[in-house]
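Residue strings, one per chain:
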Amino acid sequence: MAAPVVLVQGASRGLGLQFCRHILTRRAAAVVIATCRSPEDAAELRVLTAQHAGRITVLRMDVNREDDVRRAAHTVRDTVTRIDLLLNAAATLPAEGGRERRPGGGRLREGETSLRDVTAEGVISTLTTNAVGPLLVGKYFSGLLQKGGGGFGQQPAERARQHSGIMVNITAKVGSIGDNGLGGWYSYRMSKAALNMATRNLSIELGRSRPKVVCVSVHPGTVDTDLSRPYHKNVPKDKLFSAEVSVNHLMSIVDALNMEKTGKAYNWDGTELPW
Ligand SMILES: NC(=O)c1ccc[n+]([C@@H]2O[C@H](COP(=O)([O-])OP(=O)(O)OC[C@H]3O[C@@H](n4cnc5c(N)ncnc54)[C@H](OP(=O)(O)O)[C@@H]3O)[C@@H](O)[C@H]2O)c1
């Protein structure tokens, strides 16, 4: 069997980077296509690429630019015939005034804790990166997922219920409408709720096709990355995962996926999350 292919979208740092590291060190047979919007600034990804030469390819893809997504898909189709696992990891959690928080970008207040912090520009920008981006990735890469060899997840004996590729959208528990008892984080919550709807829609459309693609949302827990750093002081130490621990949990979920589990959102421990 040919090497399983994993595409990690948003691989420059945080969980996306750790997914690449995990696959390269724990799944000896697999190859990785890592996408990020600025490969020249992705120092840790460059180190990983040097350590695993021949097994990882880095491509430029800003999910806010449809042309970038289309072009990256074109390049990938020239390189591989299929994708077995696609992980949509990129996201932004806006700081004050809806502005994007980037490493080394100076201090910004926590954002959108109340209505007065909301700006149209901030909401649109967050929705674009966190919900529209992964949907476009689904649009341009689903053909390759349909050609996946089923290298991840569990396959039932009956052919009719087997899957080809798996698409995982990294959501956040705060995107659950049913679970929202606290409010705040307007655009981030809205973007993840919209992403969850995209997951459900994709699971229906790609679950009708043959071969079928599994599509799920997963919540990684609260993880020690740049994204959630401003909020870590409120998180008990035993509830703050390293990226390594979180990805280990999420890959256990991926390994147990099948067509019966498609179209749902899962917490890091594998339990189902309410929409
Ligand atoms: N950390 C947590 O506690 C937590 C909790 C719940 C859910 N999540 C989710 O987990 C996922 C990963 O987050 P993380 O914690 O790893 O965050 P992170 O360390 O801040 O990484 C965010 C990633 O998104 C990329 N990105 C942002 N905008 C992009 C764009 N337009 N195009 C392409 N890439 C873009 C960043 O690339 P650059 O390097 O170019 O900026 C970076 O690689 C996200 O979906 C997040 O919502 C995280």
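Residues numbered from 1 in each chain as written. Predicted model: local features only at pLDDT ≥ 70, side-chain atom pairs only at ≥ 80, totals over all residues. Heavy atoms only, no water.

Visitor: Looking at this structure, I do not really get the layout of surface pockets. What am I missing?
Guide: Rolling a probe over the atoms, with the probe sized like a water molecule, indicates the empty space that remains. As a volume, the second largest pocket reaches approximately 180 Å³. Along its surface, the second largest pocket is lined by G148, R159, A160, Q162, H163, S164, R210, P211 and K212. Taken together, the residues that form the lining of the second largest pocket break down as 2 nonpolar, 4 polar and 3 charged. (1 Å grid on protein atoms, 1.4 Å probe; cavity = no way out; pocket = protein on both sides within 12 Å on 5 of 7 lines; lining within 4 Å. Points joined across faces, edges and corners; volume = space filled by probe spheres on them. Nonpolar A, V, L, I, M, F, W, Y, C, P; charged D, E, K, R; others polar.)

Visitor: What should I look at first to understand the pattern of salt bridges in this one?
Guide: Oppositely charged side chains may form a pair once their charged atoms are brought near each other. In total, this model carries 13 salt bridges according to the counting rule given. Taking the shortest distance from any N to any O, the salt bridge between D255 and R27 comes out at 2.9 Å. Here D255, found in helix α6 (residues 243-255), pairs with R27, found in the loop between α1 (14-26) and β2 (31-36); they are 228 residues apart in sequence, far enough to count as distant. Overall, the relative accessible area of 21% leaves R27 in the partly exposed class. Measuring nitrogen to oxygen at the nearest pair gives 2.6 Å for the salt bridge that ties D226 to R229. Under the relative-accessibility criterion, D226 is labelled partly exposed at 27%. With relative accessibility at 41%, the residue R229 sits in the partly exposed group. Overlapping salt bridges bring together R13, D224, D226 and R229 as one network. (Salt bridge = Lys/Arg side-chain N within 4 Å of Asp/Glu carboxyl O. Helix = DSSP H or I, 4+ residues; strand = E, 2+ residues; numbered from the N terminus. Buried < 20%, exposed > 50% of the residue type's maximum accessible area, 1.4 Å probe, protein only.)

Visitor: What is the right way to read the site of the ligand from this model?
Guide: Near the ligand lie 29 residues; those nearest to it are S12, R13, L15, Y188 and T225. A distance of 2.8 Å separates an oxygen atom of the ligand from a polar atom in the side chain of R37. Note that an oxygen atom of the ligand is positioned 2.8 Å from one of the backbone N or O atoms of V223. In isolation the ligand has 900 Å² of accessible area, and contact with the protein removes 95% of it. At the level of secondary structure, the elements contributing two or more residues to the shell around the ligand comprise α1, α5 (186-208) and β7 (222-223). Its residues assigned to classes, the shell around the ligand shows 12 nonpolar, 11 polar and 6 charged. (Near = heavy atom within 4 Å. Polar contact = N/O pair within 3.5 Å; in protein donor to acceptor, adjacent residues only side chain to side chain. Areas by Shrake-Rupley, 256 points an atom, 1.4 Å probe, with all protein chains shown as cover.)

Visitor: Help me out: how do you make sense of the environment of I177 in this one?
Guide: In this structure, I177 sits in the loop between β5 (163-170) and α5. A C-alpha to C-alpha distance of 11 Å links I177 and S191, two positions 14 residues apart in sequence. With residues near it in sequence (within four places) discarded, I177 still touches A193 and W275. (Contact = heavy atoms within 4.5 Å.)

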